[in-house]
Amino acid sequence: MARSATYSTKSLLGGVVLSLLACSDAFYLPGAAPHDYHQGEPVKLLVNALTPILASSDNAKLKSLINYDYYNPRFHFCEPEGGPKSEPESLGSILFGDRIFNSPYNITMLEGNTSCNTLCRQEVPAEDAKFINDRIREDYAINWLVDGLPAAEMKMDLKTGDVFYDMGFNLGNDEGEFAETPALNNHYEIVLKYHSPSPDIYRVVGVLVWPDSRGGNQDEPADCDATDSPALILSEETPNKVRYSYRITWSESDTPWATRWDNYLHIFDPRIHWFSLINSIVIVVFLCVMVSMILYRTVSRDISRYNSVDLSEDIQEDYGWKLVHGEVFRTPTHPMILSVLIGNGAQLCAMVGVTLVFALLGFLSPSNRGSLATVMMICWTLFGSVGGYVSSRVYASMGGTDKRKNSFLTATVLPTIVFGVVFLLDVFLVFAGSSGAVPFGTMLLIAVLWFGISAPLSAIGSYYGSKHGAITHPVRVNPIPRQIPPTPKYLRPWAATLLAGVLPFGAAFVELYFVLSSLFASRAYYAFGFLALTAGVVSLTTATVSILFTYFILCAEEYRWHWRAFLVGGGSAFWLLAYGLFYWASRLSLGSLTSVALYMGYLLLLCLLDFLVTGTIGFLASYWAVRKLYSAIRVD
């Protein structure tokens, strides 16, 4: 059931460059200091939620999306004296499903080495045995933490021979002879690697676990050296007794504390990332060249002709984009909705940009659990003023007059939709008994952040946006709208949206696989350098594609470009939805309604946020291009 490790690194130079891009080497939040242990000092082993993982075969599929609390009564794991006590967690850690508790494992620095310990004996009823066996078949992994490091299984990269640590270890075994009747792992060989920077000072730099299934008479004392004992098969017809045992082995390591995460963050075939990045750069360069040719050849020639003093009779008649100069800044349909979408998109753009900067600077290291979600929530809250300002100015520029309604909707519509979807998914998780269900107190805190801090900041931004007023337009709007000729099929709204969305999606779809695997398959994503470069390329691609299609639309004498520019910019979201469905068909095998609801709910939220971000980029880029275009011509 071990996960596949068949990836390789191109070269040492490529690895060095990748590590710089990924910012994964020894970057920690300022103020985070190593814990110095002395011999005999207790070392806490914390337990986290059980998560589903991908099995080893190439065609393996993720079978569930539900996390389970380690101390879920149906697992019957050994509990500490006095009952489990939760550890303090960040907001992001809770949102990502972490549920960290203390454990009964008795570990002291450099003591009890290689001694065999019986942790406890548990009675497992038949119905709970079926629950455990089902979780083994769904490839669930146990997650422990020691000094902030996750317990892992040691793997070898078959292409490079590099040894790395794969986070989490299997609950049981359902491969080979155990395909029909899974075996529960009830014995753990725990190897704790430590580094001594100075005499009598020790630091934990690695946590390895080799789980094993030890059957036989569970009332006998544990024998950690037994190699011929049968596997522990839980009967689904009669009650079972399970003996949990473990052995601690201390192993000195040359790895210093500052680079202890390097073994966990193994680089999986950077050639795929490089291919994605080069592919994206080629696309954006091609688009930029196209836009440059249009702007500097076609548009410049048109402008020169229109501004020529000695116009002959045969070219005085306007045509193409010049013909609609009196309509191009006419108020579009539903300006309120469009401005609210653009305002929320601008807020999301600011959040994504600042979050990526924090990630590149190393503030979002995996050692800071939940830091990514925490920073995103804080940035979203504080950038409410950005959303309010952009929305109010765009609304005023499009001729809107109901400023108060615009301010209210900008501050409340998107948070309400997101909060409603998350609450609905939370209901599914509660009924499934999952630890991923967000506690009521955390939901209340999010509501306070959104409606108590972000909304007032959005109102302040709207006030200053209204105070600055509408953006001045270079040409006047005619009092009577002109008739619009038939538009070519490829420029119709949905056709243009899907066509234009292919290029931004193509610039990011390879990296998208790793992002989806991180979100749904419990794999750590740390290549923020590649992600930032990809995001930049996608932004440029979206902007250039939107400008191109807006120019084509205006040349077709279709002056209703506002909504089309937003839809064309957000077209990649529809391809993201299609790719998400393909990922479901190829990498997931969800057997429960809750898992399906979770996947589709989070996928639709992801597509909505992508639509807002890219749509906003497309609209603002087109708005800038249209103003530049019409400010360069002379209109009588």
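Residues take numbers from 1 onward in each chain, read along the sequence in its written order. Only residues with pLDDT of at least 70 are given local features in this predicted model, and only at 80 or more are side-chain atom pairs given and counted; all residues enter the totals for whole chains, interfaces and linings. Hydrogen atoms and water are omitted, and side-chain values are computed over all heavy atoms in the structure.

J.: Help me understand the overall build of the protein chain, please; the structure alone is not making it clear to me.
T.: A tally of regular secondary structure across the protein chain gives 15 helices and 12 strands. Exposure is judged per residue with a 1.4 Å probe applied to protein chains only, and the accessible area is read against the type maximum: over 50% gives exposed, under 20% gives buried, and values in between give partly exposed. Per-residue burial over the protein chain gives 53% buried out of 636 residues. As displayed, the protein chain has an accessible area near 28300 Å², and 63% of this comes from carbon and sulfur atoms. Each helix is a run of H or I in the DSSP string that is no shorter than four residues. Each strand is a run of E no shorter than two, and both are numbered from the N terminus. Accessible surface is estimated by sampling points in the Shrake-Rupley manner with a 1.4 Å probe; for residues, cover comes only from the protein chains shown.

J.: Can you help me understand the side chain of T412 in this one?
T.: Positionally, T412 belongs in helix α8 (residues 403-432). Overall, T412 belongs to the buried group, its relative accessible area being 14%. Polar contacts, as used here, are pairs of N or O atoms within 3.5 Å; protein pairs need one atom able to donate a hydrogen and one able to accept it. Residues neighboring in sequence count only if both atoms are side-chain atoms. A polar side-chain atom of T412 sits 2.7 Å from the main-chain carbonyl oxygen of F408.

J.: Sorry, what's going on with the packing of aromatic side chains here?
T.: The geometry of an aromatic ring pair comes down to the distance between the two centres and the angle between the two planes. When the centres of two rings from Phe, Tyr and Trp lie within 6.5 Å, Trp using its six-membered ring, the rings pair. Their planes under 30 degrees apart give stacked, over 60 give edge-to-face, and anything left gives tilted. Applying the stated criterion across every chain yields a total of 37 aromatic pairs. When the ring of W261 is compared with that of Y264, the centres are 5.4 Å apart and the planes differ by 50°; the resulting orientation is tilted. Across this residue pair, the class does not change: W261 and Y264 are buried. Aromatic pair F566 and F611: ring centres 5.3 Å apart, planes at 90°, arrangement edge-to-face. Here F566 is found in helix α13 (residues 562-569), whereas its partner F611 is found in helix α15 (residues 593-631), with 45 residues between them in sequence.

J.: Is there a simple way to think about the pairing of strand β1 (residues 45-52) in this case?
T.: The side chains of a regular strand alternate, first on one face of the sheet and then on the other. Within β1, eight of the eight residues are buried, leaving the element largely enclosed by the surrounding structure. Pairing geometry for β1 and strand β3 (residues 140-146), over six bridges, is antiparallel. Counted as the bridge partner of L45 is V146 from β3. One bridge is not enough; two strands pair if DSSP finds at least two bridges between them.

J.: How do you make sense of the environment of D225 when you look at a structure like this?
T.: By the element assignment, D225 lies in the loop between β11 (201-212) and β12 (240-252). According to the relative accessible area criterion, D225 is exposed, its value standing at 56%. On a C-alpha basis, the gap between D225 and C116 in space is 8.7 Å, while along the polypeptide they are 109 residues apart. Side-chain polar atoms of D225 contact the side chain of R247, separated by 2.8 Å.

J.: Honestly, helix α9 (residues 440-468) in this entry has me stumped. Any pointers?
T.: Helical geometry note: an α-helix holds 3.6 residues per turn, so side chains three or four residues apart project in the same direction. For α9, built from 29 residues, the straight-helix expectation of 42 Å at 1.5 Å per residue is met to within 8% by its first-to-last C-alpha distance of 41 Å. The bend at a residue is defined as the angle formed between two axes, one fitted to the seven residues ending at that residue and one fitted to the seven starting there. At S454, α9 shows its largest kink, close to 35°, and the proline P456 lies no more than four residues downstream. Buried residues of α9: T442, M443, I446, A447, L449, W450, S454, A455, S458, G461, S462 and G465, and no others. The criterion used for residue contact is that any of the two residues' heavy atoms lie within 4.5 Å. Where α9 is buried, its residues touch α2 (91-95), α5 (335-360), α6 (371-382), α7 (384-397) and α8. By definition here, a helix of n residues has an expected span of 1.5 Å times n minus one.

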